[in-house]
Amino acid sequence: MFPPGTTPLWRGLLPATGTARLENSTEETSGKASHKGGTTEALHRSVSQLTGFARCGEAYRLERVAKAPAAPAAWFAQGTAVHEAVERWERTHRVHGTAQAQAWFTEVWERELAEARAREPDLTQWLCPGRTKPETDIANRYQRGLDQVAGYIEHALASKLRPFEWLPGEPASEVEFRLDLDGVLVIGSIDLIMIAPDGRLLVRDIKTGNKLPIGPIQLAVYRHAVIDLTGQDPEWGDWYMAKNNKPTDPVDLRPYTRDMVSEWFAMMDRAERDQVYLPNPGDHCTTCGVRRFCSVMGTDRSFFGPSFATRK
Ligand code: SF4
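Just so it is clear, the model here is predicted, and its values are computed rather than measured.

Undergrad: I would appreciate a short explanation of the overall build of the chain in the present structure.
TA: Helix and strand counts for the chain come out as eight helices and nine strands. Put simply, the chain has 312 residues, and 36% of those count as buried. If you take every contact in the chain between residues at least 6 apart in sequence, the share linking residues at least 24 apart comes to 66%.

Undergrad: Would you mind going over the site of the ligand with me for this structure?
TA: In the vicinity of the ligand, 14 residues are found, and the nearest of them are C56, A59, C285, C288 and C294. Of the residues belonging to the shell around the ligand, the class tally is 10 nonpolar, two polar and two charged.

Undergrad: Even after reading the chapter, I still don't get helix α5 (residues 134-158), so can you show me in this structure?
TA: A turn of α-helix holds 3.6 residues, and therefore any two residues three or four places apart point the same way. The first and last C-alpha atoms of α5 sit 36 Å apart over 25 residues, in line with the 36 Å expected at 1.5 Å per residue. Taken as a whole, α5 has its buried residues at D137, I138, R141, G145, L146, Q148, V149, Y152 and I153. The inward-facing, buried residues of α5 abut α3 (74-91) and α4 (98-119).

Undergrad: Any chance you could explain the pairing of strand β7 (residues 236-241) here in plain terms?
TA: The element β7 is largely enclosed, with a buried count of six among its six residues. Residues W236, D238 and Y240 point to one face of β7 and G237, W239 and M241 to the other, with burial holding for every one of them. Read as a crossover between parallel neighbours, the route from strand β6 (residues 201-207) over helix α6 (residues 217-230) to β7 is right-handed. Taken together, the two bridges between β7 and strand β9 (residues 251-252) define a ladder with antiparallel strand orientation. Across the sheet, W236 pairs through a bridge with D252, a residue of β9.

Undergrad: When you look at the packing of α3 against α5 in this model, what are you seeing that I'm missing?
TA: The geometry of a pair of packed helices is captured by two quantities: the angle between their axes and the separation between those axes. The interhelical angle for the contact between α3 and α5, taken along N-to-C directions, is 25°, at an axis separation of 9 Å. Between α3 and α5, the interaxial angle falls into the category roughly parallel. In this structure, α3 meets α5 at a crossing whose hand is right-handed. The residues of α5 that touch α3, namely those facing A74, W75, Q78, A81, V82, A85, V86 and W89, are D137, I138, R141, R144, G145, Q148, V149, Y152 and I153. Residues that form the contact of α3 with α5 fall into these classes: 11 nonpolar, three polar and three charged.

Undergrad: How should the environment of D180 be read in this particular structure?
TA: Looking at the secondary structure, you find D180 in strand β4 (residues 173-181). For the pair D180 and S262, spaced 82 residues apart in sequence, the C-alpha separation works out to 8.7 Å.

Undergrad: I tried to follow the nonpolar core on my own but got confused; where do I start?
TA: Nonpolar side chains in soluble globular proteins generally cluster together in the buried interior. Counting 43 residues, the largest nonpolar core has I190, I193 and A225 as its most contacted members. Secondary structure elements with two or more residues in this core: α1 (47-55), α2 (57-65), β4, β5 (184-195), β6, α6 and α7 (258-273). In terms of residue count, α6 provides more of this core than any other element does, seven residues in total. Discounting residues that sit within four places of it in the chain, I193 has contacts with P163, F164, A172, V175, L201, V203, V226 and P234. By size, the runner-up hydrophobic cluster in this structure holds 22 residues, among which are A77, V82, Y152 and W239.

Undergrad: Where do I start with α2 in this structure?
TA: Within α2 the residues assigned to the buried category are E58, A59, Y60, R61, L62 and E63. Remark: K67 follows α2 within two positions and exhibits a positive phi of approximately 55°.

Undergrad: When you look at unusual backbone geometry in this model, what are you seeing that I'm missing?
TA: Most of the time, phi is negative for any residue but glycine, and the peptide bond is trans. Its identity is not glycine, yet E174 carries a phi of approximately 55°, on the positive side. Locating E174 in the fold gives a position in strand β4.

Undergrad: Whenever I open this one, the confidence of the model for the chain confuses me. Can you help?
TA: The predicted structure's coordinates, where accompanied by low pLDDT, should not be read in detail. Considering every residue of the chain, the mean pLDDT works out to 86; 85% of them sit at 70 or more. Note on residues 1-42: pLDDT is under 50 here. Beyond four places in sequence and across chains, it has 71 contacts.

Undergrad: Whenever I open this one, the packing of α1 against α2 confuses me. Can you help?
TA: Two numbers describe how α1 lies on α2: the axes approach to 5 Å, and their chain directions differ by 130°. It follows from the interaxial angle that α1 and α2 lie oblique. Along the contact surface, α1 presents G52, F53 and R55, while α2 presents G57, A59 and Y60. In terms of residue class, the contact of α1 with α2 is made up of three nonpolar, two polar and one charged.

Undergrad: I tried to follow the pairing of β5 on my own but got confused; where do I start?
TA: The side chains of a regular strand alternate between the sheet's two faces. The element β5 is extensively covered by neighbouring structure, given that nine of its 12 residues are classed as buried. Relative to β5, strand β3 (residues 162-163) runs antiparallel, the two sharing two bridges. Bridge pairing in β5 links P163 to M194. Relative to β5, β4 is paired through eight bridges, and the arrangement is antiparallel. The residue of β5 that forms the bridge with S173 is L192. As consecutive antiparallel partners, β4 and β5 are separated by two residues, and within that stretch D182 has a phi angle of approximately 50°, a positive value. As consecutive antiparallel partners, β5 and β6 are separated by five residues, and within that stretch G199 has a phi angle of approximately 90°, a positive value.

Reading the values: rules and limits
- Residues numbered from 1 in each chain as written.
- Predicted model: local features only at pLDDT ≥ 70, side-chain atom pairs only at ≥ 80, totals over all residues.
- Helix = DSSP H or I, 4+ residues; strand = E, 2+ residues; numbered from the N terminus.
- Buried ≥ 20, exposed ≤ 12 C-beta atoms within 10 Å, placed from the backbone.
- Contact = placed C-beta atoms within 7 Å.
- Near = placed C-beta within 6 Å.
- Nonpolar A, V, L, I, M, F, W, Y, C, P; charged D, E, K, R; others polar.
- Expected span 1.5 Å × (residues − 1).
- Right-handed = clockwise from strand over helix to strand, strands pointing away.
- Pairing = 2+ DSSP bridges.
- Axes fitted to C-alpha atoms, helices over the stretch in contact; angles between N-to-C directions.
- Parallel < 35°, antiparallel > 145°, perpendicular 65-115°, else oblique.
- Left-handed = near helix turned anticlockwise from the far one by under 90°.
- Core = buried A, V, L, I, M, F, W, Y, C linked by C-beta atoms within 7 Å.
- pLDDT = per-residue confidence, 0-100.

This is how it looks when you write it as structure tokens:
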């Protein structure tokens, strides 16, 4: 997503077809798969599909196939608002101060929260951490988001890394891509492509939650998207952990070859076409928006049971 008035120069300068190019699409719009005649015809895949499918097939089925309504959570609004504020600040060349970036955060926060409230007005149905009340969680996350935006700016201005400009005047923030991995089209966007003083590139993903990602699947995919987009190889990647106001140590992405990444998507694609949706209960169940309908953990497990959605 690009802020008003900042449509990237990239668009239109890149080939209409090819292994990767920028396009006005996001991962959220990429979860499209049509189910016709008992088979699944994938239009394209995304990193979130791959990681979501691997985390829990039942959640994937409920969210993306059965279209079960997911419970809202204030952390989604916080995450979206922090990302959009950071993107806007980077894409306007860091000329604005913290107060302006926080105003952008508030704008998006209010929009997202209003949309979530419209979907589920009963706050007792919202996901919350532990015993925190929904109203308290909303207030906490608003303040946390404001602090994370301020913390990002403070860190960014002190860091030697800068967003890469592979076309002059266009900071590589929220870089959209299309990547053909042996016939599986993967669409997504990269939070940031950074450049070090020695000219080396690094892919960066911004995390606004508490948990450190386990395994760099997402970063590995981004590495190959950047190779296709720029011809340069970002051999390293990291996660900017907003709760700590700093990135993690860089992760070496060189072991994750294009063949390996292609095989991950090929396997996921095959399994999804065969409607293999194994439940995988674990810690992540506490933040699962479709838990209510889960065949293992849910109270309303019959509403969207597997026979309903996948065995027509
Ligand atoms: S509650 Fe747990 S097992 Fe059930 S769908 Fe959600 S993540 Fe999967």
